[in-house]
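Structure assessment
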Amino acid sequence: MPTPVPLAPPEAPPALRLVTLGVPLLLAGAAFLPDEGRPPPHPELLAVALLTGLGFWLAPRRLGYELTGDGLVIRTLLGRTVLPYAGLRARRSAGRLGLRTFGTGLPGYLTGHFTFGPDPALRSVRAAATRTGGGVLLESGGQVYFLTPADPGGFLEALARRGSRVEE
């Protein structure tokens, strides 16, 4: 039976959340501006506003981690990744996500490829996180993942009980 892992609360300030809300509202407002040769409203802009707002609302709710019999499952808006316990190395992270090189960076939903620092051994990580710091690093299949469980110590203990190699 899968065991859900609680996520760390997002660190995004309320002002950033308002900006995120403002983008779909601005798109919807632009759909009602007059255009040469076309009377408002513009349905394509309304559709983009609706899809953007839905994505901004849904993405953070889809992020999750589960400990299953096969491995750690990482869920994002567009898919899921399974990291088998065998061969998985895990440790606490003192570093932080840097610049996003590919992926999504919404308040409470950081997924994709990010630069990472100040760890000189790591230049980039794949993130599925709610915040930029205070997480754990997992190495599997030549990839390094940055996750932000609510209780990093308990998460690492659970991985160790399932056969993963946990480092200090």
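Everything here concerns the structure above.
Residues numbered from 1 in each chain as written. Predicted model: local features only at pLDDT ≥ 70, side-chain atom pairs only at ≥ 80, totals over all residues. Heavy atoms only, no water.

1. Some details on the overall build of the protein chain
- Helices and strands together make up the secondary structure of the protein chain, namely 3 helices and 11 strands.
- Sequence-ordered secondary structure for the protein chain, helices as α and strands as β, is β-α-α-β-β-β-β-β-β-β-β-β-α-β.
- When the backbone C-alpha atoms are referred to their principal axes, the protein chain occupies close to 65 × 35 × 30 Å.
- Looking at the protein chain as a whole, 36% of its 168 residues are labelled buried.
- Contacts spanning at least 24 positions in sequence make up 47% of the contacts within the protein chain whose residues lie at least 6 apart. (Helix = DSSP H or I, 4+ residues; strand = E, 2+ residues; numbered from the N terminus. Buried < 20%, exposed > 50% of the residue type's maximum accessible area, 1.4 Å probe, protein only. Contact = heavy atoms within 4.5 Å.)

2. Observations concerning the sheet that holds strand E11 (residues 165-166)
- Reading across the sheet, the 7 strands line up as E6-E7-E8-E10-E9-E5-E11 and stay open at both edges, with mixed pairing between neighbours. Each end of this open sheet is capped by a strand with a single partner; those strands are strand E6 (96-106) and E11.
- Direction of pairing for strand E7 (residues 109-117) relative to strand E8 (residues 124-129): antiparallel, over a ladder of 6 bridges. Residue pairing for E8: Thr115 is matched across the bridge by Ser124.
- Packing against the sheet, helix H3 (residues 152-161) makes contact with strand E5 (89-92), strand E9 (136-140), strand E10 (143-147) and E11, and its axis sits at approximately 160° to E5. (Pairing = 2+ DSSP bridges. Axes fitted to C-alpha atoms, helices over the stretch in contact; angles between N-to-C directions.)

3. Overview of the pairing of E5
- Bridge count for E5 against E9 is 4 bridges, and the pairing is antiparallel. Following the sheet pairing, Arg92 is matched in E9 by Val136.
- For E5 and E11, the ladder comprises 2 bridges, and the chain directions are parallel. Across the sheet, residue Arg89 finds its bridge partner in E11, namely Arg165.

4. Overview of helix H2 (residues 43-62)
- For H2, spanning 20 residues, the distance from its first C-alpha to its last is 28 Å, which sits close to the expected 28 Å at 1.5 Å a residue.
- Every buried residue belonging to H2 is among Ala49, Thr52 and Ala59, and all of these are buried.
- Residues of H2 that are buried sit in contact with helix H1 (14-30), E6 and E7. (Expected span 1.5 Å × (residues − 1).)

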